[in-house]
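The primary structure of each chain is shown beneath.
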Amino acid sequence: MSAEIPAPQMGFPKIYQVIKNSLCTACGGCEAICPMQAAKVQLYDEANYDKFTPTVDEPTVVKLFSEISREDNYCANRQCYVDCDTCLACQNCLACERICPILDGFPGDDELDNVIDQRIGKSSIHGQDGGAVTGILKSLFEQGEIDAALSVSRNEDWETEVVVLTSAEQVASAAGTKYTYEPVLSSLREVLKNYEKIAVVGTPCQAHAASLLRENLTDKIKLVIGLICMESFTYDDMGENIIPNIMGLDRKTVKKLDFAKGKFVAETADDKALVPIKEIAHLARKPCHHCMDYTSYYADISVGSIGSPDGWSTIFIRNNIGKEYLDKVKGIEYHDKPIFMDIVVKLAAQKHKNNAWDYKKFNEVVWAGGEWTPEEHST
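A complete count under the given rule lists 0 disulfides for this structure. No disulfide involves Cys27; its nearest neighbouring cysteine sulfur is the one of Cys205, lying 6.2 Å away. For Cys27, a relative accessible area of 7% translates into the label buried. Left without a disulfide partner, Cys288 is nearest to the cysteine sulfur of Cys229, which lies 6.2 Å away.

Here's what the structure looks like:
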(Lines give C-alpha, C1' and ligand atoms only; values in the text may rest on other atoms or scores of the structure.)
Protein backbone atom coordinates (compact mmCIF):
# COMPACT_ATOMS: atom_id res chain seq x y z
CA MET A 1 0.00 0.00 0.00
CA SER A 2 1.22 3.52 -0.66
CA ALA A 3 1.68 6.05 2.10
CA GLU A 4 -1.46 7.71 3.38
CA ILE A 5 -2.17 10.93 1.51
CA PRO A 6 -1.60 13.79 3.98
CA ALA A 7 -3.72 16.88 4.45
CA PRO A 8 -2.73 19.68 2.09
CA GLN A 9 -0.38 22.40 3.32
CA MET A 10 -1.23 26.07 3.06
CA GLY A 11 -1.00 27.02 -0.58
CA PHE A 12 -0.44 23.45 -1.75
CA PRO A 13 -1.63 23.14 -5.35
CA LYS A 14 -5.28 22.24 -5.80
CA ILE A 15 -4.24 19.29 -7.92
CA TYR A 16 -3.97 17.59 -4.53
CA GLN A 17 -7.75 17.21 -4.62
CA VAL A 18 -7.67 15.94 -8.21
CA ILE A 19 -5.16 13.24 -7.36
CA LYS A 20 -6.64 12.29 -4.01
CA ASN A 21 -10.02 11.61 -5.59
CA SER A 22 -8.57 9.56 -8.50
CA LEU A 23 -9.64 12.16 -11.06
CA CYS A 24 -6.15 12.81 -12.43
CA THR A 25 -5.91 11.92 -16.12
CA ALA A 26 -2.08 11.61 -16.05
CA CYS A 27 -1.90 13.97 -19.04
CA GLY A 28 1.56 15.13 -17.93
CA GLY A 29 0.82 18.85 -18.08
CA CYS A 30 1.90 19.48 -14.49
CA GLU A 31 5.24 17.82 -15.16
CA ALA A 32 5.75 20.04 -18.20
CA ILE A 33 5.07 23.30 -16.38
CA CYS A 34 6.57 22.71 -12.91
CA PRO A 35 9.64 25.02 -12.58
CA MET A 36 11.14 22.87 -9.81
CA GLN A 37 10.57 19.60 -11.66
CA ALA A 38 8.75 18.53 -8.54
CA ALA A 39 5.79 17.07 -10.40
CA LYS A 40 6.31 13.62 -11.86
CA VAL A 41 3.69 11.51 -13.58
CA GLN A 42 4.74 7.93 -13.05
CA LEU A 43 2.32 5.25 -14.12
CA TYR A 44 1.75 2.37 -11.78
CA ASP A 45 2.46 -1.11 -13.03
CA GLU A 46 2.28 -2.99 -9.74
CA ALA A 47 -1.11 -4.66 -9.57
CA ASN A 48 -2.38 -2.05 -12.05
CA TYR A 49 -2.93 0.28 -9.14
CA ASP A 50 -5.88 2.60 -9.69
CA LYS A 51 -5.71 2.11 -13.45
CA PHE A 52 -2.47 4.11 -13.74
CA THR A 53 -3.80 7.07 -11.79
CA PRO A 54 -0.98 8.94 -10.00
CA THR A 55 -1.18 9.52 -6.26
CA VAL A 56 0.42 11.85 -3.74
CA ASP A 57 2.82 10.64 -1.08
CA GLU A 58 3.86 13.90 0.57
CA PRO A 59 3.32 17.50 -0.51
CA THR A 60 6.87 18.84 -0.37
CA VAL A 61 8.86 16.14 -2.16
CA VAL A 62 10.01 15.80 -5.72
CA LYS A 63 7.62 12.94 -6.41
CA LEU A 64 4.31 14.68 -6.00
CA PHE A 65 2.88 11.74 -7.90
CA SER A 66 4.93 8.83 -6.61
CA GLU A 67 4.62 5.19 -7.54
CA ILE A 68 6.86 4.18 -4.61
CA SER A 69 4.73 2.00 -2.39
CA ARG A 70 6.96 -0.59 -0.75
CA GLU A 71 7.59 -0.34 2.98
CA ASP A 72 11.36 -0.64 2.54
CA ASN A 73 11.33 2.83 0.97
CA TYR A 74 9.72 4.45 3.99
CA CYS A 75 11.41 7.66 5.11
CA ALA A 76 11.04 8.19 8.88
CA ASN A 77 12.31 11.75 8.57
CA ARG A 78 9.52 12.92 6.28
CA GLN A 79 7.16 10.13 7.22
CA CYS A 80 6.56 9.21 3.62
CA TYR A 81 7.82 6.83 0.95
CA VAL A 82 10.59 8.74 -0.82
CA ASP A 83 14.27 8.71 -1.62
CA CYS A 84 15.61 11.54 0.54
CA ASP A 85 18.84 11.77 -1.47
CA THR A 86 16.90 13.00 -4.49
CA CYS A 87 14.22 14.93 -2.64
CA LEU A 88 13.43 18.39 -3.98
CA ALA A 89 10.74 20.66 -2.67
CA CYS A 90 7.56 21.85 -4.29
CA GLN A 91 7.60 25.63 -3.86
CA ASN A 92 3.82 26.02 -3.97
CA CYS A 93 4.01 28.27 -7.03
CA LEU A 94 0.64 26.85 -8.11
CA ALA A 95 1.58 26.75 -11.79
CA CYS A 96 0.34 23.16 -12.10
CA GLU A 97 -3.21 24.02 -11.18
CA ARG A 98 -3.40 26.53 -14.04
CA ILE A 99 -3.01 23.80 -16.66
CA CYS A 100 -4.93 20.93 -15.06
CA PRO A 101 -7.84 19.93 -17.34
CA ILE A 102 -9.92 18.70 -14.39
CA LEU A 103 -9.55 21.99 -12.50
CA ASP A 104 -10.44 23.90 -15.66
CA GLY A 105 -13.65 21.90 -16.09
CA PHE A 106 -15.49 20.34 -19.01
CA PRO A 107 -17.51 21.60 -21.99
CA GLY A 108 -21.24 22.02 -21.67
CA ASP A 109 -23.83 19.64 -23.04
CA ASP A 110 -23.24 20.91 -26.58
CA GLU A 111 -19.69 19.88 -27.40
CA LEU A 112 -19.97 21.22 -30.92
CA ASP A 113 -20.83 24.83 -30.11
CA ASN A 114 -17.30 26.03 -30.91
CA VAL A 115 -16.95 24.23 -34.27
CA ILE A 116 -16.38 26.78 -37.04
CA ASP A 117 -16.01 24.28 -39.88
CA GLN A 118 -16.27 20.54 -40.43
CA ARG A 119 -14.98 18.22 -43.12
CA ILE A 120 -14.74 14.57 -44.08
CA GLY A 121 -11.27 13.85 -45.36
CA LYS A 122 -8.67 11.20 -46.02
CA SER A 123 -4.97 11.12 -46.68
CA SER A 124 -3.09 8.92 -49.12
CA ILE A 125 -0.97 7.82 -46.14
CA HIS A 126 -2.00 4.75 -44.15
CA GLY A 127 -3.65 5.68 -40.86
CA GLN A 128 -6.47 4.70 -38.53
CA ASP A 129 -9.31 5.39 -40.95
CA GLY A 130 -8.79 8.27 -43.34
CA GLY A 131 -5.31 8.85 -41.92
CA ALA A 132 -6.11 12.55 -41.55
CA VAL A 133 -3.84 13.19 -38.54
CA THR A 134 -0.95 11.45 -40.26
CA GLY A 135 -1.55 13.46 -43.43
CA ILE A 136 -1.83 16.77 -41.56
CA LEU A 137 1.44 16.27 -39.67
CA LYS A 138 3.34 15.08 -42.73
CA SER A 139 2.26 18.03 -44.83
CA LEU A 140 3.03 20.58 -42.11
CA PHE A 141 6.51 19.08 -41.62
CA GLU A 142 7.16 19.24 -45.35
CA GLN A 143 6.21 22.91 -45.44
CA GLY A 144 8.24 23.81 -42.36
CA GLU A 145 5.13 24.83 -40.43
CA ILE A 146 6.11 22.56 -37.53
CA ASP A 147 9.48 21.18 -36.45
CA ALA A 148 8.30 18.73 -33.79
CA ALA A 149 5.16 16.78 -32.93
CA LEU A 150 4.30 14.88 -29.76
CA SER A 151 2.46 11.63 -30.38
CA VAL A 152 2.39 7.95 -29.39
CA SER A 153 3.83 4.92 -31.20
CA ARG A 154 3.55 1.19 -30.52
CA ASN A 155 5.51 -2.00 -31.06
CA GLU A 156 4.18 -5.35 -32.33
CA ASP A 157 3.03 -6.24 -28.80
CA TRP A 158 0.92 -3.06 -28.75
CA GLU A 159 3.13 -1.57 -26.04
CA THR A 160 3.09 2.20 -26.42
CA GLU A 161 5.53 5.04 -25.81
CA VAL A 162 5.55 8.80 -26.27
CA VAL A 163 7.52 9.84 -29.34
CA VAL A 164 8.83 13.18 -30.53
CA LEU A 165 8.48 13.29 -34.31
CA THR A 166 10.85 15.70 -36.04
CA SER A 167 10.40 14.98 -39.75
CA ALA A 168 7.78 14.04 -42.31
CA GLU A 169 9.44 10.65 -42.73
CA GLN A 170 8.84 9.76 -39.08
CA VAL A 171 5.13 10.52 -39.03
CA ALA A 172 3.96 7.11 -40.30
CA SER A 173 5.59 5.43 -37.28
CA ALA A 174 2.92 6.92 -35.02
CA ALA A 175 -0.08 6.24 -37.27
CA GLY A 176 -3.15 4.45 -35.94
CA THR A 177 -5.09 4.59 -32.69
CA LYS A 178 -3.77 2.47 -29.82
CA TYR A 179 -6.51 2.84 -27.17
CA THR A 180 -3.92 2.63 -24.40
CA TYR A 181 -2.61 5.65 -22.54
CA GLU A 182 0.67 7.51 -22.16
CA PRO A 183 1.33 10.86 -20.37
CA VAL A 184 2.12 12.65 -23.63
CA LEU A 185 2.75 16.10 -22.17
CA SER A 186 5.37 14.85 -19.73
CA SER A 187 7.83 14.98 -22.64
CA LEU A 188 7.05 18.59 -23.47
CA ARG A 189 9.67 20.12 -21.16
CA GLU A 190 12.58 18.73 -23.20
CA VAL A 191 10.86 19.40 -26.50
CA LEU A 192 10.46 23.08 -25.62
CA LYS A 193 14.21 23.37 -25.17
CA ASN A 194 15.00 22.21 -28.68
CA TYR A 195 12.08 23.13 -30.94
CA GLU A 196 10.14 26.27 -31.82
CA LYS A 197 7.05 25.06 -33.70
CA ILE A 198 5.39 22.16 -31.92
CA ALA A 199 2.23 20.20 -32.64
CA VAL A 200 0.58 18.04 -29.99
CA VAL A 201 -1.66 15.07 -30.78
CA GLY A 202 -3.64 13.63 -27.90
CA THR A 203 -6.86 12.54 -26.26
CA PRO A 204 -9.38 15.14 -25.01
CA CYS A 205 -7.67 15.56 -21.63
CA GLN A 206 -4.24 15.91 -23.24
CA ALA A 207 -5.53 18.35 -25.85
CA HIS A 208 -7.20 20.38 -23.10
CA ALA A 209 -4.00 20.56 -21.04
CA ALA A 210 -1.94 21.40 -24.14
CA SER A 211 -4.22 24.36 -24.90
CA LEU A 212 -3.85 25.55 -21.31
CA LEU A 213 -0.07 25.19 -21.54
CA ARG A 214 -0.09 27.34 -24.67
CA GLU A 215 -2.20 29.92 -22.86
CA ASN A 216 -0.14 29.96 -19.66
CA LEU A 217 3.38 28.87 -20.58
CA THR A 218 4.54 28.97 -24.19
CA ASP A 219 3.69 30.12 -27.68
CA LYS A 220 5.81 27.32 -29.14
CA ILE A 221 2.76 25.04 -29.19
CA LYS A 222 1.44 25.96 -32.61
CA LEU A 223 -1.23 23.31 -33.17
CA VAL A 224 -3.26 21.02 -30.91
CA ILE A 225 -4.93 18.05 -32.60
CA GLY A 226 -7.44 16.27 -30.38
CA LEU A 227 -8.73 12.75 -30.89
CA ILE A 228 -12.41 11.87 -30.53
CA CYS A 229 -12.31 9.49 -27.60
CA MET A 230 -14.79 7.57 -25.45
CA GLU A 231 -12.21 6.00 -23.10
CA SER A 232 -8.73 4.48 -22.95
CA PHE A 233 -7.19 1.43 -21.25
CA THR A 234 -4.01 0.40 -19.53
CA TYR A 235 -1.67 -1.89 -21.40
CA ASP A 236 -2.28 -4.59 -18.81
CA ASP A 237 -5.98 -4.54 -19.60
CA MET A 238 -5.66 -4.14 -23.36
CA GLY A 239 -2.56 -6.16 -24.22
CA GLU A 240 -2.73 -8.76 -21.49
CA ASN A 241 -6.48 -9.26 -21.17
CA ILE A 242 -8.83 -7.78 -23.78
CA ILE A 243 -6.93 -8.84 -26.91
CA PRO A 244 -5.73 -12.32 -25.83
CA ASN A 245 -8.43 -13.39 -23.37
CA ILE A 246 -11.65 -11.66 -24.33
CA MET A 247 -11.04 -11.53 -28.09
CA GLY A 248 -8.92 -14.66 -28.35
CA LEU A 249 -6.19 -13.16 -30.54
CA ASP A 250 -2.43 -13.15 -30.47
CA ARG A 251 -1.68 -9.45 -30.05
CA LYS A 252 1.35 -9.72 -32.35
CA THR A 253 -0.99 -10.52 -35.24
CA VAL A 254 -3.35 -7.58 -34.63
CA LYS A 255 -3.01 -4.85 -37.24
CA LYS A 256 -5.76 -2.47 -36.15
CA LEU A 257 -8.03 -1.73 -33.19
CA ASP A 258 -11.25 0.23 -33.56
CA PHE A 259 -14.62 1.11 -32.04
CA ALA A 260 -17.44 0.70 -34.57
CA LYS A 261 -21.21 0.30 -34.31
CA GLY A 262 -21.22 -0.55 -30.61
CA LYS A 263 -18.38 -3.04 -30.93
CA PHE A 264 -14.69 -3.07 -30.13
CA VAL A 265 -12.92 -4.52 -33.16
CA ALA A 266 -9.49 -6.12 -33.50
CA GLU A 267 -8.32 -6.90 -37.03
CA THR A 268 -5.56 -9.24 -38.14
CA ALA A 269 -4.38 -9.85 -41.70
CA ASP A 270 -6.82 -12.76 -42.02
CA ASP A 271 -9.52 -12.31 -39.42
CA LYS A 272 -11.55 -9.91 -37.33
CA ALA A 273 -12.77 -10.28 -33.74
CA LEU A 274 -15.55 -8.20 -32.18
CA VAL A 275 -16.80 -7.70 -28.65
CA PRO A 276 -19.65 -5.43 -27.45
CA ILE A 277 -18.20 -2.23 -26.00
CA LYS A 278 -20.40 -2.61 -22.91
CA GLU A 279 -18.49 -5.79 -22.04
CA ILE A 280 -15.14 -4.02 -21.78
CA ALA A 281 -16.10 -0.43 -20.88
CA HIS A 282 -15.72 -1.13 -17.16
CA LEU A 283 -12.04 -1.94 -17.77
CA ALA A 284 -11.28 1.62 -18.90
CA ARG A 285 -8.91 3.68 -16.80
CA LYS A 286 -10.59 5.07 -13.71
CA PRO A 287 -10.25 8.77 -14.69
CA CYS A 288 -11.97 8.00 -18.01
CA HIS A 289 -15.17 7.31 -16.09
CA HIS A 290 -15.19 10.97 -15.03
CA CYS A 291 -14.43 12.48 -18.44
CA MET A 292 -17.17 14.63 -20.00
CA ASP A 293 -15.36 15.48 -23.25
CA TYR A 294 -15.91 13.16 -26.22
CA THR A 295 -14.86 15.30 -29.18
CA SER A 296 -11.72 17.04 -27.82
CA TYR A 297 -13.53 20.33 -27.33
CA TYR A 298 -10.42 22.32 -26.43
CA ALA A 299 -8.29 21.28 -29.42
CA ASP A 300 -7.70 23.42 -32.51
CA ILE A 301 -8.71 20.49 -34.71
CA SER A 302 -10.55 17.34 -33.60
CA VAL A 303 -10.28 14.12 -35.59
CA GLY A 304 -12.02 10.75 -35.41
CA SER A 305 -13.98 8.35 -37.57
CA ILE A 306 -17.46 8.64 -36.14
CA GLY A 307 -19.94 10.21 -38.56
CA SER A 308 -17.87 9.53 -41.69
CA PRO A 309 -17.93 6.68 -44.24
CA ASP A 310 -15.49 3.79 -43.80
CA GLY A 311 -11.98 4.82 -44.75
CA TRP A 312 -12.57 8.52 -44.07
CA SER A 313 -11.89 10.82 -41.12
CA THR A 314 -14.23 13.23 -39.37
CA ILE A 315 -12.54 16.61 -38.92
CA PHE A 316 -13.87 19.41 -36.70
CA ILE A 317 -12.14 22.80 -36.90
CA ARG A 318 -12.70 24.59 -33.60
CA ASN A 319 -10.89 27.92 -33.92
CA ASN A 320 -8.98 30.14 -36.32
CA ILE A 321 -5.69 28.44 -35.46
CA GLY A 322 -7.07 25.11 -36.59
CA LYS A 323 -8.46 26.63 -39.79
CA GLU A 324 -5.21 28.41 -40.59
CA TYR A 325 -3.14 25.25 -40.32
CA LEU A 326 -5.62 22.89 -41.97
CA ASP A 327 -5.94 25.24 -44.93
CA LYS A 328 -2.17 24.92 -45.43
CA VAL A 329 -2.27 21.13 -45.51
CA LYS A 330 -1.75 19.47 -48.88
CA GLY A 331 -2.60 15.90 -49.83
CA ILE A 332 -5.95 15.60 -48.03
CA GLU A 333 -8.93 14.60 -50.17
CA TYR A 334 -12.29 15.89 -48.96
CA HIS A 335 -15.64 14.13 -49.31
CA ASP A 336 -18.53 16.06 -50.80
CA LYS A 337 -21.01 14.74 -48.22
CA PRO A 338 -21.44 16.31 -44.76
CA ILE A 339 -20.63 14.57 -41.48
CA PHE A 340 -23.51 12.51 -40.09
CA MET A 341 -23.89 14.68 -37.01
CA ASP A 342 -26.70 12.75 -35.34
CA ILE A 343 -24.40 9.91 -34.32
CA VAL A 344 -21.71 12.31 -33.05
CA VAL A 345 -24.24 14.16 -30.91
CA LYS A 346 -25.71 10.87 -29.67
CA LEU A 347 -22.38 9.44 -28.56
CA ALA A 348 -21.27 12.68 -26.92
CA ALA A 349 -24.54 12.73 -24.95
CA GLN A 350 -24.05 9.08 -24.04
CA LYS A 351 -20.60 9.78 -22.64
CA HIS A 352 -21.94 12.70 -20.62
CA LYS A 353 -24.73 10.55 -19.22
CA ASN A 354 -22.53 7.56 -18.39
CA ASN A 355 -19.84 9.69 -16.76
CA ALA A 356 -22.08 12.25 -15.07
CA TRP A 357 -20.70 13.73 -11.85
CA ASP A 358 -20.91 17.13 -10.21
CA TYR A 359 -17.62 18.51 -11.53
CA LYS A 360 -18.92 22.08 -11.21
CA LYS A 361 -19.44 21.59 -7.49
CA PHE A 362 -16.03 19.92 -7.28
CA ASN A 363 -14.33 22.96 -8.78
CA GLU A 364 -16.43 25.34 -6.71
CA VAL A 365 -15.33 23.61 -3.51
CA VAL A 366 -11.69 23.15 -4.52
CA TRP A 367 -11.08 26.66 -5.87
CA ALA A 368 -12.61 28.05 -2.67
CA GLY A 369 -9.98 26.13 -0.70
CA GLY A 370 -12.32 23.46 0.59
CA GLU A 371 -11.90 19.70 0.86
CA TRP A 372 -13.85 17.67 -1.68
CA THR A 373 -15.79 14.75 -0.27
CA PRO A 374 -17.37 12.66 -3.08
CA GLU A 375 -19.93 11.12 -0.74
CA GLU A 376 -21.28 14.55 0.10
CA HIS A 377 -21.38 15.82 -3.47
CA SER A 378 -22.33 12.77 -5.53
CA THR A 379 -24.96 13.18 -8.23
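Attention now moves to the nonpolar core. In terms of nonpolar packing, the biggest core is built from 49 residues, with Val18, Leu188, Leu213 and Phe362 touching the most fellow members. A total of 6 residues in this core trace back to one element, the largest contributor, which is helix α7 (residues 204-216). In contact with Val18, not counting residues within four places along its chain, are Leu23, Cys24, Cys100, Ile102, Leu103 and Phe362.

What follows is about the sheet that holds strand β7 (residues 221-227). Taken in spatial order, the 8 strands make up an open sheet running β5-β4-β6-β7-β11-β12-β3-β13, and their pairing is mixed. Looking at the sheet topology across the chains shown, the edges are occupied by β5 (160-165) and β13 (332-334). The sheet shows a mean angle of 30° between the axes of neighbouring strands, taken without regard to direction. Summarising the sheet, β7 and strand β11 (residues 301-304) pair through 3 bridges and their orientation is parallel. Bridging from a neighbouring strand, Gly226 pairs with Ser302 of β11.

Let's shift gears to the confidence of the model for the protein. When pLDDT is averaged across the protein, the result is 82; 82% of the residues are at 70 or more. This stretch, residues 1-10, has a pLDDT under 50; its non-local contacts, to residues over four places away or in other chains, come to 28 contacts. Predicted confidence is poor over residues 77-82, with pLDDT under 50, and the contacts of this stretch with residues over four places away or in other chains come to 25 contacts.

Calculation notes
Residues numbered from 1 in each chain as written. Predicted model: local features only at pLDDT ≥ 70, side-chain atom pairs only at ≥ 80, totals over all residues. Heavy atoms only, no water. Disulfide = S-S within 2.5 Å. Buried < 20%, exposed > 50% of the residue type's maximum accessible area, 1.4 Å probe, protein only. Core = buried A, V, L, I, M, F, W, Y, C linked by side-chain atoms within 4.5 Å. Helix = DSSP H or I, 4+ residues; strand = E, 2+ residues; numbered from the N terminus. Contact = heavy atoms within 4.5 Å. Pairing = 2+ DSSP bridges. Axes fitted to C-alpha atoms, helices over the stretch in contact; angles between N-to-C directions. pLDDT = per-residue confidence, 0-100.

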